[in-house]
Amino acid sequence: MRTRILLAAAAAVSIGAGGGAAAQTLNYMMNLDAPHYDPHRTSSGTTADVLFLLGDTLTTIDFDLKTIKPHLAKSWTVSDDGKLYTFQLRDDVSFCSGKKMTAEDVVYSFKRVTSPETKSPFYWRMGKVKDVRATGPYTVEYELEEPFNELPLQLSNFQGTIINKENVESLGKDFGVKGFDGTGPYCWEDWQPRSQMTMKRHDAYKWGPPIYENPGPVKFEKLVMKIVPEESARVAAMLSGQVDYSFSMPDQSLPTIAKAPTVKIYRPVANQRLFYLGFKITRENIADKRVRLALSQAIDREQIVKGIYFGNAEPASSFVHPNASGYSAEAPQTLGKYDPTASERLLDEAGWKMGDDGFRYKDGKKLELQLYGFAAGRSPKVTEAVQGFWRKIGVDLKLQMWDGTIVFSKLAQQDYDIWSIAFPYSSAADALRLYFHSGNIPTPNRMNWKDPETDRLLEAALAAKTEEEKNKALAEVQKIVQGNALWVPLAHEGLALVASSKLKNVKAHAFYTSLAYKTLDWSK
């Protein structure tokens, strides 16, 4: 009976690419879409999934998420003071339009992402740029105002994607909406928001990153990304062979999927992704640190990991994973301790007294909080569980879930107390600088955390000349931000790439949770 139900659901999804072209088409499936595909104006993880296929970066990161290797840049040197990087570019790279990529394209791309007019949420990942200039057709000098030891790492991420100036200017506001001219292994063909993205093979591509055996072109003529929000439909489509791969399978289905002969599950060798709740600390009801700590300690993370993630996660008591570069075990770990009795005591001390109706009140005002989150993925289930835990201590949590295409614009309005999100990162410095530096207010520092000492330590870490100096500064940052209970760390999430058994040479990457990355070695 279960098999019949799944097949019926699969038929309703209508994902399959039938006919003779199917063998040359790689079909994959996501649970949500991105607002757009402009690499310089978004922090959406789904954007990264697509842009790693459509575009390239100067550097790349190996499967271990630590080793940086050349990509569009053949090599680079760093001056003794750490302020000047000189990149030597490949001279055999072209955009999908056929235009040859030169140093001028790199300069344009980097100046665009760092321009205040672009309002890139990831401009900080480029360091404090003094100037970027072409000193030859294939030579770029990248000059910084101060040392930034993570530059080669950060330039491998999708905000460092090299774009075609002519394409950007001709499309205007439709860049990344109606077209995108990149140097990646696939080329933009068509995008129907919240439904489907179609890409075609970049036939000239032969400059794939050295982490793959095949430098290009890819084996498939087309790649089709289908958006399927409904969980059972995704599972049915995967098991019935209508799609070739997905990394948005529901956790509860993974044990069943693991037993299916038609698919295989691939796990990345390294993975750093945290699901957390963030507090907008300027809101009246959560301005008190005691309230924030009480809310964090009222959640049984073991139960969430077991009941919602089905074991595909680890309970989190820190903002970065213990295996991440720069993690400090010296930072307070009390946030992850399940202690509802302590939570109630803290709320009492903060003046929030339990009323006859089972909710807490202070000065006649109810302890009511508004949370914004994603309508798809794990967010609704996890936040509903949190809602239940907090109800037990007298807190009324209101949930508002938004579609992935508009959630970031809603978050930008800051009309909420708490938001939920899962985010990937490549190091402690990467994660902490992103969220806790005051320069990133209002987004992604949605807490509005403005602390000069945090800023000083973060800048010292990124300018450090030794790993010891860097980690010492990062340890102090973790002590501050975890001690102030700015987030509720909930789960270090697991990742699973589910692929058809017919696919060969599949290996999960996990850079920014984009498990497919370039797919260069994949074939049928």
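It should be noted that the structure appears before, not after, this text.
Everything numeric in this text was worked out from a predicted model, so none of it was measured. (Residues numbered from 1 in each chain as written. Predicted model: local features only at pLDDT ≥ 70, side-chain atom pairs only at ≥ 80, totals over all residues. Heavy atoms only, no water.)

Student: Looking at this structure, how should I read the overall build of the chain?
Tutor: Secondary structure summary: the chain contains 15 helices and 22 strands in total. Along the first, second and third principal axes, the C-alpha atoms of the chain reach 70 × 65 × 40 Å. Looking at the chain as a whole, 58% of its 524 residues are labelled buried. Long-range pairs, those at least 24 residues apart, make up 72% of the contacts in the chain with a sequence separation of at least 6. With an accessible surface of roughly 20,300 Å², the chain has 49% of that area assigned to carbon and sulfur atoms. Each charge class in the chain was averaged separately, 65 positive and 62 negative side chains, and the resulting centres sit 4 Å apart. (Helix = DSSP H or I, 4+ residues; strand = E, 2+ residues; numbered from the N terminus. Buried < 20%, exposed > 50% of the residue type's maximum accessible area, 1.4 Å probe, protein only. Contact = heavy atoms within 4.5 Å. Areas by Shrake-Rupley, 256 points an atom, 1.4 Å probe, with all protein chains shown as cover. Lys, Arg positive; Asp, Glu negative; His and termini not counted. Charge placed at Lys NZ, Arg CZ, Asp CG, Glu CD.)

Student: In this structure, what is going on with helix α13 (residues 428-436)? I would like to understand it.
Tutor: Spacing of three or four residues puts side chains on the same side of an α-helix, whose turn is 3.6 residues. Across the nine residues that make up α13, a large majority, nine, are buried. Along α13, the residues that are buried comprise Ala428, Ala429, Asp430, Ala431, Leu432, Arg433, Leu434, Tyr435 and Phe436. Structurally, α13 contributes buried residues whose contacts are with α4 (151-154), β13 (273-279), β20 (418-424), α14 (452-463), α15 (467-483) and β21 (487-493).

Student: Explain the pairing of strand β22 (residues 497-500) to me, please; I cannot follow it from the model alone.
Tutor: Side chains on a regular strand alternate between the two faces of the sheet. Here two bridges tie strand β11 (residues 245-246) to β22, and the two strands are oriented antiparallel to one another. Across the sheet, the residue bridging to serine 246 is valine 498, located in β22. (Pairing = 2+ DSSP bridges.)

Student: I tried to follow the side chain of threonine 183 on my own but got confused; where do I start?
Tutor: For threonine 183, the position within the fold is in the loop between α5 (165-171) and β8 (186-192). Among the residues examined, threonine 183 registers a relative accessible area of 0% and is labelled buried. For threonine 183, the side chain forms a polar contact with the side chain of aspartate 56, separated by 3.0 Å. (Polar contact = N/O pair within 3.5 Å; in protein donor to acceptor, adjacent residues only side chain to side chain.)

Student: Hey, could you run me through the sheet that holds strand β17 (residues 365-366) in this one?
Tutor: Spatially, the three strands line up as an open sheet ordered β15-β16-β17, and their pairing is antiparallel. Only two strands of the sheet have a single neighbouring strand rather than two, namely β15 (353-354) and β17. In the sheet, β15 pairs with strand β16 (residues 360-362) via two bridges, with the strands oriented antiparallel. Its bridge partner lying in β16, lysine 353 is registered against tyrosine 361.

Student: It is not clear to me how the state of the cysteines should be interpreted in this structure. Could you clarify?
Tutor: Here, disulfide denotes a covalent bond that connects the sulfur atoms of two cysteines. Counted by the stated rule, this structure contains one disulfide. There is a disulfide in this structure between cysteine 96 and cysteine 187, and the S-S distance comes to 2.0 Å. When the S-S torsion is -90°, as for the bridge of cysteine 96 with cysteine 187, the disulfide is left-handed. In this pair, cysteine 96 is assigned in the loop between β5 (84-89) and α3 (103-114) and cysteine 187 in strand β8, connecting sequence segments 91 residues apart. (Disulfide = S-S within 2.5 Å.)

Student: I keep staring at the sheet that holds β13 and nothing clicks. Help me out?
Tutor: To summarise the sheet geometry, strands pair through backbone hydrogen bonds and adopt either a parallel or an antiparallel arrangement. Pairing is mixed in the open sheet, where six strands are placed in the order β14-β21-β13-β20-β18-β19. The open sheet has two edge strands, β14 (313-315) and β19 (396-402), and neither has a second partner. Within this sheet the neighbouring strands show an average axis-to-axis angle of 25°, counted without direction. Where β13 and β21 come together, five bridges link them in antiparallel fashion. Considered in β21, the bridge of phenylalanine 275 is made with alanine 491. On top of the sheet, helix α11 (residues 379-392) reaches β13, β18 (368-374), β19, β20 and β21; it is set at about 170° to β19, its chief contact. (Axes fitted to C-alpha atoms, helices over the stretch in contact; angles between N-to-C directions.)

Student: Looking at this structure, how should I read unusual backbone geometry?
Tutor: Glycine aside, a negative phi is what most residues show, and trans is what most peptide bonds show. In the segment running from glycine 216 into proline 217, the intervening peptide bond is cis, with an omega of -5°. A cis amide bond links threonine 443 to the next residue, proline 444, at an omega of 5°. Within the fold, proline 444 resides in the loop between α13 and α14. We note that lysine 119 has phi near 55°; this positive angle belongs to a residue other than glycine. Examined against the element boundaries, lysine 119 turns out to sit in the loop between α3 and β6 (129-136).

Student: It is not clear to me how the pairing of strand β9 (residues 196-201) should be interpreted in this structure. Could you clarify?
Tutor: When β8 meets β9, the two strands line up antiparallel, connected through six bridges. If you follow cysteine 187 over to β9, its bridge partner there is lysine 200. Where β8 hands over to β9, the hairpin turn is made up of three residues, of which arginine 194 adopts a positive phi near 65°.

Student: Just to check I follow, could you spell out the packing of aromatic side chains for this structure?
Tutor: Summed over the entire model, instances satisfying the criterion amount to 34 aromatic pairs. Here phenylalanine 52 and tyrosine 517 contribute two aromatic rings whose centre-to-centre distance is 5.0 Å and whose plane-to-plane angle is 70°, an arrangement assigned as edge-to-face. On the criterion of sequence distance, the pair formed by phenylalanine 52 in helix α2 (residues 45-54) and tyrosine 517 in the segment after β22 is long-range, its members being 465 residues apart. A relative accessible area of 3% means that phenylalanine 52 is categorised as buried. Residue class for tyrosine 517 comes out buried when judged on its relative accessible area of 1%. A ring pair is formed by tyrosine 372 and tryptophan 402, whose centres lie 5.5 Å apart and whose planes are at 75°; its orientation type is edge-to-face. With tyrosine 372 in strand β18 and tryptophan 402 in strand β19, the pair connects residues that are 30 residues apart, well separated along the chain. (Phe/Tyr/Trp six-rings, centres within 6.5 Å; stacked < 30°, edge-to-face > 60°.)

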